[in-house]
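Structural features, examined
Spelled out from the first residue to the last, the chains are:
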Amino acid sequence: MRLSIFVGCLVVAAVAVHFGLVPSGVGGSNVVWVILLALVLSAPLSFVLLRKQRDEMSQQIVSSVDRAKARLEANRTREDGVTP
């Protein structure tokens, strides 16, 4: 999803530079300028647009970590059952 947002911003930035809406790069740096402009545009967009997906993934990670901690605690407190 993040890649598609970047590609969309790359297309928009290339069109904007081509039609003169945004200044072009100096000399032969036009491609680098368009890529940097696309990165700057896509970063805040992906932060806002992918918030729900990021929160869902965070919840999955937290639940996995909690289960692992519970298993570790259960293994730590379990008695060996060794008889003399």
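Higher on the page you've got the structure.
Residues numbered from 1 in each chain as written. Predicted model: local features only at pLDDT ≥ 70, side-chain atom pairs only at ≥ 80, totals over all residues. Heavy atoms only, no water.

Focus: the overall build of the protein chain
Formally: A run of H or I in DSSP becomes a helix once it reaches four residues, and a run of E becomes a strand once it reaches two; helices and strands are each numbered from the N terminus. Computation of the radius of gyration draws on C-alpha atoms alone. For the globule rule, the value is 2.2 Å times the number of residues to the power 0.38. Exposure categories follow from relative accessible area, calculated using a 1.4 Å probe and restricted to protein chains: below 20% of the type maximum is buried, above 50% is exposed, and the middle band is partly exposed. Any two residues whose heavy atoms approach within 4.5 Å are treated as being in contact. Counted charges follow a simple rule, with Lys and Arg positive, Asp and Glu negative, and His plus the chain ends left uncounted. All charge positions are set by atom: Lys at NZ, Arg at CZ, Asp at CG, Glu at CD.
When helices and strands are counted, the protein chain shows three helices and zero strands. From first element to last, N terminus to C terminus, the protein chain shows the α and β order α-α-α. In terms of C-alpha radius of gyration, the protein chain reaches 25 Å, well past the compact-globule figure of 12 Å for 84 residues. With the C-alpha coordinates aligned to their principal axes, the bounding extent of the protein chain is approximately 85 × 25 × 15 Å. For the protein chain, the proportion of its 84 residues judged to be buried stands at 15%. In the protein chain, 60% of the contacts between residues at least 6 apart in sequence involve partners at least 24 apart. Separation between the mean location of the 9 positive side-chain charges and that of the 6 negative ones in the protein chain comes to 11 Å.

Some remarks on the packing of helix H1 (residues 2-18) against helix H2 (residues 30-49)
Stated precisely, the cut-off is as follows: Comment: axis = line fitted to C-alpha atoms, over the contacting stretch for helices; angle = value between 0 and 180 degrees taken between N-to-C directions. Each angle receives one of four descriptions, namely roughly parallel if under 35 degrees, roughly antiparallel if over 145, roughly perpendicular if within 65 to 115, and oblique otherwise. Note on convention: the crossing is left-handed when the near helix lies turned anticlockwise from the far helix by less than a right angle, right-handed when the turn is clockwise. Only Asp, Glu, Lys and Arg are considered charged in this grouping, and only Ala, Val, Leu, Ile, Met, Phe, Trp, Tyr, Cys and Pro are considered nonpolar; every other residue, Gly among them, is considered polar.
Closest axis-to-axis distance for the H1/H2 pair is 8 Å, and the angle between their directions is 135°. On the basis of their axis angle, the class for H1 and H2 is oblique. In this structure, the crossing between H1 and H2 has a hand that is right-handed. Of the residues assigned to the contact of H1 with H2, the class counts are 17 nonpolar, three polar and one charged.

Focus: the pattern of salt bridges
This is how the line gets drawn: Salt bridges are defined as contacts in which a side-chain nitrogen from Lys or Arg sits within 4 Å of a carboxyl oxygen from Asp or Glu.
Within this structure, the stated rule accounts for one salt bridge. Residue Arg 76 pairs with Glu 73 through a salt bridge whose shortest N-O separation is 2.7 Å. Placement of the pair is Arg 76 and Glu 73 together in helix H3 (residues 51-77), with a separation of three residues, close to one helical turn.

Topic: the nonpolar core
Quick reminder of the rule: Residues grouped as a nonpolar core are buried Ala, Val, Leu, Ile, Met, Phe, Trp, Tyr and Cys residues, joined through side-chain atoms within 4.5 Å.
Among the nonpolar cores identified, the biggest contains five residues, and these are Ile 5, Phe 6, Cys 9, Ala 38 and Leu 50. For this core, the element with the most residues is H1, which contributes three residues. Leave out the neighbours within four places in its chain, and Ile 5 touches Ser 42, Leu 45, Ser 46, Leu 49 and Leu 50.

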